[in-house]
Amino acid sequence: MSANNQGRASDFRGLPDGLRRKALGLGDLIGLDRSPLKDDGLGPQSKLRAHPDTDVNVVGLAGATGANGLSPGANGGAGGNGQSASANNGGGGANNTAEATGGAGGVGGNGGGGGTVTGGAAGKGGKGAAATAATTFSWNSIADSIIHGAATATGGAGGNAGQPGNFGGAMAGAGARGGVGGAASSSVSVTNLATYRAEAVASATGGAGGKAFGVGGVGGTGGVASNTTATATAGPTSGNSFAYAATTQIGGAGGAGYGGATGGAGAASTQTDAVSGSAPFGFGELELSQRAVGGAGGYSSIGQGGAAGSGTSNLTFVDATESFLTGSAWGYGGAGGGTYGTVGGAAGGAGSAKTQMTQMAHGYLEGQAAATGGAGGAVVGLGGATGGVGGTATAKSIATGIDVTFSKLFATGGAGGASASGNGGAGGVATGTVTALATSRTNTGANAHVVTYMAGGKGGVGHGAGHYGGAGAAENGVTGSVQGYSAYVRMSQTGGAGGAGYNGARGGAGGASTLVNGITAVDYGDQTEITNRSVGGAGGYSSAGAGGTGGAGVCGTTATNGTGVAFVDNLFGQGGAGGA
């Protein structure tokens, strides 16, 4: 079942003809039987134009390798730190880019081994260096209808620690820390002084932490990415101006740990009001998008996997000129560090996104918040440990406009980690709050829409008799409100599927989905229309044991009709299939 055409002609009546035609072209908003995220998987970089007019690319030098311990019991030397890199492009054409990559940290020296003494301690890895990239320019040429600026910064990888003397033996020396990944930041600001379109895209990725070896060693912490910003200003035009500003910020992954070393922590990533712009001419259109991605925790062959970094994206924007305004915030939690031995996988990182968009001009407004929890760490050894729990996802979208107003909310809990010899991890829970307010009470085009998709994380795969696949996460609905001349609610929710069980393990239980509409819907003159779909998660398959039970699917509504002449209530609830 799907309801793909929510932008009916009646939704946009009362708007000027040109604005109405464009709004109708944006009507295919959500398929209620699948995730509707408008994410091509490439991030904002997918809009980059080829062959820049100018490009500045700077790469820092790597740090020196630490000296090895030359006699039994002698310690290894520390690796040197990498060299920082800074790239700045002040323009020179309509399409300008900058890239900076920090130098990698040097590898630590090995501890001295042999003889009858305890081996020497490993040398720590050198720090990855910071990277900063910036592109800032204005362009004034009627020959170029589009100007584009981009900046990409990547922190240097932390150097691997050396191996302790007698590594793997009874007389092994102490392990050391892998190098910390380098920090990264980027910024773009472009202004088109002559023509209608401006695009600004900035991305920053923290460097990965270095590996560690031996008991006492710790994988390097992922590098922090921060201060990633983009601003685009479109120029004067006799037609319609367009500005696009987007950022992607990724925390560095933690380094792996081997031979008793623990995995390093992934870096958290936080974006707050990182994008801005202006397109005030004609039916001006401004599109803003920011993403924050937490770094993955490092794997450990014997010890604890590294903690995942959280991904938090918050966007608040108030605009008084644009006819079309779109703002999106995306938050992704990093994956938890996996393990091999008897220690369970680390939990997935939390994903969080919030948008608060306000449009003070007549037109079309869309605010979108999308959050995804990170996957729990997998267990690949035979020690019977449990996979990590999937990360939580929390999303909140508030949109306040005069005319057509959409508030869209998407949240998916992280998948539980698999275990090769134990129980699968449980899926992460998704929660959300959504508000859409079209303030005009007399304009027949002032329609408010709420669109949500919520999915519980699926359970991880389990292996072995007496064990089970992880439970899918239960989902309990969205709260919020929608008010407009007409009010429309489209909500879809699915409980997480239970994890499969193999080699005698039972299938995990599917999560229940309870969607008794927590949205207060009020219309001022036309109608309120509710379409809700709630499906319980499927039970997990089992190759030799019992399949998991399917989750219940409950659907209802508590909407208020206000003064409208019609009330349409379309509800669909379905329990999840039991596992085979």
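Look up a bit, the structure's there.
A short tour of the structure in this document, coming up.

## Here's the deal with the overall build of the chain
Helix and strand content of the chain: one helix and 31 strands. Put simply, the chain has 580 residues, and 55% of those count as buried. Partitioning the intrachain contacts of the chain with sequence separation of at least 6 by distance along the chain shows that 80% fall at a separation of at least 24. If you sum the accessible surface of the chain, you get close to 19500 Å²; carbon and sulfur atoms cover 54% of it.

## Notes on the environment of Asn110
Tracing the backbone shows Asn110 in the loop between strand 3 (95-101) and strand 4 (131-139). Non-local contacts of Asn110, meaning those with residues more than four positions away in its chain, are made with Ala67, Asn68, Gly69, Gly76, Gly162 and Gln163.

## Re the pairing of strand 18 (residues 364-372)
Taking burial as the measure, the nine residues of strand 18 include eight buried ones, the bulk of the element. The pairing of strand 16 (residues 324-332) with strand 18 spans nine bridges and is parallel. In the strand pairing of strand 18, Leu325 is matched with Leu365. Pairing of strand 18 with strand 20 (residues 404-412), which is carried by nine bridges, proceeds in the parallel orientation. Bridge pairing in strand 20 links Leu365 to Thr405.

## Describing the pairing of strand 4
If a strand is regular, its side chains alternate between the two faces of the sheet. In the sheet, strand 2 (residues 85-89) pairs with strand 4 via five bridges, with the strands oriented parallel. Its bridge partner lying in strand 4, Ala87 is registered against Ala133. Pairing of strand 4 with strand 6 (residues 184-192) involves nine bridges; the strand directions are parallel. Across the sheet, the residue bridging to Trp139 is Asn192, located in strand 6.

## A word on unusual backbone geometry
For Asn166, which is not glycine, the phi torsion reads 60° and is therefore positive. Within the fold, Asn166 resides in the loop between strand 5 (146-154) and strand 6. In this model, Asn227 sits at a positive phi of 55°, which is unusual for a non-glycine residue.

## A word on the sheet that holds strand 12 (residues 269-272)
Taken in spatial order, the seven strands make up an open sheet running 12-15-17-19-21-24-28, and their pairing is parallel. Whereas interior strands pair on both sides, the edge strands pair on one side only; in this sheet they are strand 12 and strand 28 (518-523). Going across the sheet, the axis of each strand differs from the next one's by a mean of 5°, ignoring polarity. With nine bridges connecting them, strand 15 (residues 311-319) and strand 17 (residues 351-359) associate as parallel partners.

## Examining the side chain of Thr339
Relative to the elements of secondary structure, Thr339 occurs in the loop between strand 16 and strand 17. With relative accessibility at 0%, the residue Thr339 sits in the buried group. Of the polar contacts made by the side chain of Thr339, one reaches the backbone oxygen of Val343; its length is 2.6 Å. Ignoring sequence-local partners within four residues, the contact set of Thr339 consists of Tyr299, Ser300, Gly303, Gln304, Gly305, Gly344, Gly345, Ala378, Val379, Val380 and Gly381.

## Observations regarding the pattern of salt bridges
Tallying each qualifying case throughout the model produces three salt bridges. With a shortest N-O distance of 2.8 Å, Glu199 and Arg197 are connected by a salt bridge. Note that Glu529 and Arg490 form a salt bridge whose closest N and O atoms lie 2.7 Å from each other. Of this pair, Glu529 sits in strand 29 (residues 527-535) while Arg490 is found in strand 25 (residues 486-494), placing the two residues 39 residues apart along the sequence. A relative accessible area of 11% places Glu529 in the buried class.

## Details of the environment of Thr228
You can see Thr228 is positioned in the loop between strand 8 (212-213) and strand 9 (229-233). Separated by 22 residues in the primary sequence, Thr228 and Ile250 have C-alpha atoms spaced 10.0 Å apart. Once you skip the residues sitting within four places of it in the chain, Thr228 turns out to touch Ser186, Ala202, Ser203, Ala204, Thr247, Thr248, Gln249, Gln271 and Ala274.

## Notes on the packing of aromatic side chains
Aromatic ring pairs: the centre-centre distance and the angle between the two ring planes describe each pair. Here the structure, examined in full by the defined rule, presents six aromatic pairs. For the ring pair Phe213 and Tyr258, a centre distance of 5.8 Å and an interplane angle of 20° mean the geometry is stacked. Of this pair, Phe213 sits in strand 8 while Tyr258 sits in strand 11 (residues 257-258); the two residues are 45 residues apart in sequence, bridging distant segments of the chain. We classify Phe213 as buried; its relative accessible area is 14%. Centre to centre, the rings of Tyr364 and Phe406 are 5.6 Å apart; their planes meet at 40°, and the pair counts as tilted. Residue Tyr364 is located in strand 18, and its partner Phe406 is located in strand 20; the two are separated by 42 residues in the primary sequence. Summarising the burial analysis for this pair, Tyr364 and Phe406 share the class buried. Of the aromatic side chains, those joined through ring pairs into one cluster are Phe167, Phe213, Tyr258 and Tyr299. Just above the ring of Trp330 sits the side chain of Arg291; from NZ or CZ to the centre is 4.5 Å.

Reading the values: rules and limits
Residues numbered from 1 in each chain as written. Predicted model: local features only at pLDDT ≥ 70, side-chain atom pairs only at ≥ 80, totals over all residues. Heavy atoms only, no water. Helix = DSSP H or I, 4+ residues; strand = E, 2+ residues; numbered from the N terminus. Buried < 20%, exposed > 50% of the residue type's maximum accessible area, 1.4 Å probe, protein only. Contact = heavy atoms within 4.5 Å. Areas by Shrake-Rupley, 256 points an atom, 1.4 Å probe, with all protein chains shown as cover. Pairing = 2+ DSSP bridges. Axes fitted to C-alpha atoms, helices over the stretch in contact; angles between N-to-C directions. Polar contact = N/O pair within 3.5 Å; in protein donor to acceptor, adjacent residues only side chain to side chain. Salt bridge = Lys/Arg side-chain N within 4 Å of Asp/Glu carboxyl O. Phe/Tyr/Trp six-rings, centres within 6.5 Å; stacked < 30°, edge-to-face > 60°. Lys NZ or Arg CZ within 6 Å of the ring centre and 35° of its normal.

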